[in-house]
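# Chain and residue survey
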Amino acid sequence: MAKNRKSSLAGAVEIPDLGEALRGVLHSEDELQYGLRGVVRILSNRGRNGKNGYFFEGFKVVFGSEINEEVSHEETFLDYENLKIIVKLPDPKDSKSKEIIRHQYTKHYTLGADDLKTRAAMVAFAGLDDSTKETLVASEKKLDQKNKI
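Notes on the structure in this doc start here. (Residues numbered from 1 in each chain as written. Predicted model: local features only at pLDDT ≥ 70, side-chain atom pairs only at ≥ 80, totals over all residues. Heavy atoms only, no water.)

A separate point is the packing of aromatic side chains. Tallied over the entire structure, the rule returns one aromatic pair. Geometrically, the ring pair formed by Phe-59 and Tyr-109 is tilted, given 5.8 Å between the ring centres and 45° between the ring planes. In this pair, Phe-59 sits in strand E3 (residues 58-63) while Tyr-109 sits in helix H3 (residues 98-126), placing the two residues 50 residues apart along the sequence. (Phe/Tyr/Trp six-rings, centres within 6.5 Å; stacked < 30°, edge-to-face > 60°. Helix = DSSP H or I, 4+ residues; strand = E, 2+ residues; numbered from the N terminus.)

Looking now at the nonpolar core. Listed in full, the nine residues of the largest apolar core are Val-25, Leu-26, Leu-36, Val-39, Val-40, Ala-121, Met-122, Phe-125 and Leu-136. Each residue touching Leu-136, except ones within four places of it in the same chain, is listed here: Gly-35, Gly-38, Val-39, Ile-42, Phe-125 and Leu-128. (Core = buried A, V, L, I, M, F, W, Y, C linked by side-chain atoms within 4.5 Å. Buried < 20%, exposed > 50% of the residue type's maximum accessible area, 1.4 Å probe, protein only. Contact = heavy atoms within 4.5 Å.)

Glancing now at the sheet that holds strand E4 (residues 75-79). For sheets, the rule is that strands pair by backbone hydrogen bonds, running either parallel or antiparallel. Judged by pairing direction, the sheet is mixed, and its three strands sit side by side in the order E3-E5-E4 without closing on themselves. In this open sheet, the two strands that pair with only one neighbour each are E3 and E4. Strand-to-strand twist of the sheet, defined as the mean angle between neighbouring strand axes without regard to direction, takes the value 25°. With six bridges joining them, E3 and strand E5 (residues 84-89) adopt parallel strand pairing. Each residue of the ladder has a partner; that of Lys-60, found in E5, is Ile-86. Against the sheet, H3 touches E3, E4 and E5, its axis set at about 150° to E3. (Pairing = 2+ DSSP bridges. Axes fitted to C-alpha atoms, helices over the stretch in contact; angles between N-to-C directions.)

By the element assignment, Glu-140 lies in helix H4 (residues 130-148). By relative accessible area, which is 2% here, Glu-140 ends up buried. Excluding its chain neighbours within four sequence positions, the residues that come into contact with Glu-140 are Tyr-34, Arg-37, Gly-38 and Arg-41.

Relative to each other, helix H2 (residues 29-43) and H4 sit at 85°, their axes nearing to 8 Å. Put simply, H2 runs roughly perpendicular to H4. Here Asp-30, Glu-31, Tyr-34, Gly-35, Arg-37, Gly-38, Val-39, Arg-41 and Ile-42 of H2 come into contact with H4, specifically with Lys-133, Leu-136, Val-137, Glu-140, Lys-141, Leu-143 and Asp-144. Split into classes, the residues belonging to the contact of H2 with H4 amount to six nonpolar, two polar and eight charged. (Parallel < 35°, antiparallel > 145°, perpendicular 65-115°, else oblique. Nonpolar A, V, L, I, M, F, W, Y, C, P; charged D, E, K, R; others polar.)

Quick look at the structure:
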């Protein structure tokens, strides 16, 4: 039986252990190193030039004074035209700390997005048949060797 961690959210939502899930989906070191990475590459629409094609290009953290808007609490919204997730924050009392705060918020949102991408790749990889997994791993190995040259 999988061990579950309790979330600190109200209602004590149980969150599956990612390590336990990986052990159930991946059966070799090659599947971890090449198979999962291949699925992430496909889901990210990353072409041969290495350029990412994520639906949302990234995150932007702005302070009220930077957009000439009164911001009283953290607000997050999607900028559909520029394909960005915008996080609006009230100005800190110490204006020198803006870049530190901006970096912390960007890191937090990026790590969350990477976690979701990994979980999606695991689900997709688990749904592949054995021959497709083998083909994907072999293809990723070739791509890896080509990139090392």
